[in-house]
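Spelled out from the first residue to the last, the chains are:
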Amino acid sequence: MTTTDTLARALGADRVLRDVPLAPYTTFRIGGPADLFFEARSADELANAVLAARKTGVPYFVLGLGANILVGDRGFRGLVIRNVASTHAFDADGRLRTDSGATMKELIIDAVRNGWSGFEHYVGIPSTVGGAIWQNLHFLSPAPERERTMFIAEVFESCEILSEEGERKTVGPEYVKFGYDDSVFHHRRDVVLSATFRLQRGDPAAMHRVMQENLSWRGSRHPWLDYHPSAGSIFKKIEGVGAGRLVDQCGLKGRRVGDAQISHIHANILVNLGGATAADVRELIALAQGAVKERFQHSLEPEIGFIGEF
Ligand SMILES: Cc1cc2nc3c(=O)[nH]c(=O)nc-3n(C[C@H](O)[C@H](O)[C@H](O)COP(=O)(O)OP(=O)(O)OC[C@H]3O[C@@H](n4cnc5c(N)ncnc54)[C@H](O)[C@@H]3O)c2cc1C
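Residues numbered from 1 in each chain as written. Predicted model: local features only at pLDDT ≥ 70, side-chain atom pairs only at ≥ 80, totals over all residues. Heavy atoms only, no water.

Colleague: Even after reading the chapter, I still don't get the packing of aromatic side chains, so can you show me in this structure?
Modeller: To describe a pair of aromatic rings, you give the distance between the ring centres and the angle between the ring planes. With the rule as written, the count across this model stands at nine aromatic pairs. Judged by centre distance (6.0 Å) and plane angle (65°), the rings of F306 and F310 are edge-to-face. Assessed through its relative accessible area of 32%, F306 is described here as partly exposed. When its relative accessible area of 30% is taken as the criterion, F310 is described as partly exposed. These aromatic residues form a ring-pair network of at least three members: F119, F156, F178 and F197. Above the ring of Y60, the side-chain terminus of R189 is found at 4.5 Å from the ring centroid. In this structure, R201 packs its charged tip against the face of W116, placed 3.8 Å from the ring centre. (Phe/Tyr/Trp six-rings, centres within 6.5 Å; stacked < 30°, edge-to-face > 60°. Buried < 20%, exposed > 50% of the residue type's maximum accessible area, 1.4 Å probe, protein only. Lys NZ or Arg CZ within 6 Å of the ring centre and 35° of its normal.)

Next comes the structure, spelled out in structure tokens:
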């Protein structure tokens, strides 16, 4: 029996799928098959799947909504654990305890309905809780009275992790070390199982206004995901300059490689016009990097993760 067979058996033969195309599980709608694919429906299942993969030595990847990654055309050799564990509840003081596979969308809807404020700023951003903590989800609020970048770290209290060493424990912000597009989870193979956030009492009408404003702002400046699949911003922020502005000044808006295109409305977003491959996206990234380097001597660094075989 191969190690993948042993792992599939450990997770339950009926729960582990083989050769599953990953494109539908990413917002880019790009990516080849995972050898093994398992949906974790609870924090315990997530922890057990990771432990089983580690024990058998099979490479694994924890997938949220796939909104910040590009999966290679040849897919992933190992186990993809799609995290759909989403049980969550608010207590009377505004503490939200949630599994890490809950989506920001479902949490925002529940929080606003119950009059808890703090999450509504992130409306329209595809993310699970795990992905949001992984990269310290943020949003530059467009409204004049609150024009600043807001970070998920501001409402974070603690999270339960399965550590790189296999220990389950609860950790606070001092452990997570939130930064801009950064947290300890970029640097350690810990997995976030669940999290606790602290929200404030808020007026649902005011929260709905924030949501409308943010969605309108997004709608007019970013390609619409349903029609133009993407992974959001491709390149890391360049302080005071703007990666997208540099790409734009190179005259690259609308430039295509295959079905991958630099968006006409936001030069830091690459969209899939329907049949784009990961190879197309990588070529377009390299093209933009080359042009910006030559003209402005700036090195554009991708902010998305490259997963699997290209
Ligand atoms: C249209 C669009 C707009 C966007 N706008 C914004 C924006 O305004 N602000 C912003 O900050 N981002 C934005 N993004 C990027 C994206 O939404 C965020 O990075 C989001 O947090 C990704 O979450 P995810 O669940 O999809 O993670 P994935 O893309 O599935 O995973 C990203 C990384 O997180 C890791 N990960 C996921 N879950 C866990 C876990 N439980 N434990 C440990 N590691 C985990 C994965 O292994 C992977 O390395 C945008 C993306 C799109 C497509």
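Once the structure has been displayed, the description carries forward.
Colleague: Would you take a moment to explain the site of the ligand for this structure?
Modeller: Neighbouring the ligand are 30 residues; P126, T128, Q135, H138 and R218 lie closest to it. One of the backbone nitrogen or oxygen atoms of G66 is found 2.9 Å away from an oxygen atom of the ligand. V192 places a main-chain nitrogen or oxygen 2.9 Å from a nitrogen atom of the ligand. Those elements giving two or more residues to the shell around the ligand turn out to be β3 (60-63), α4 (129-135), β13 (191-198) and β15 (230-233). Top contributing element to the shell around the ligand by residue count: α4, with five residues. Looking at side-chain class alone, the shell around the ligand contains 14 nonpolar, 14 polar and two charged residues. (Near = heavy atom within 4 Å. Polar contact = N/O pair within 3.5 Å; in protein donor to acceptor, adjacent residues only side chain to side chain. Helix = DSSP H or I, 4+ residues; strand = E, 2+ residues; numbered from the N terminus. Nonpolar A, V, L, I, M, F, W, Y, C, P; charged D, E, K, R; others polar.)

Colleague: Sorry, what's going on with the nonpolar core here?
Modeller: Within soluble globular proteins, side chains that are nonpolar tend to cluster in buried spots. Of all hydrophobic cores here, the largest spans 34 residues; its most connected members are F119, I133, C159, F185 and F197. Elements with a contribution of two residues or more to this core: α3 (104-113), α4, β11 (156-162), α5 (173-176), β13 and α6 (204-221). Counting residues per element, this core draws most heavily on α3, which supplies five residues. Judged by nonpolar contacts, the second largest core, of 26 residues, contains L252, I262, A267 and A278. (Core = buried A, V, L, I, M, F, W, Y, C linked by side-chain atoms within 4.5 Å.)

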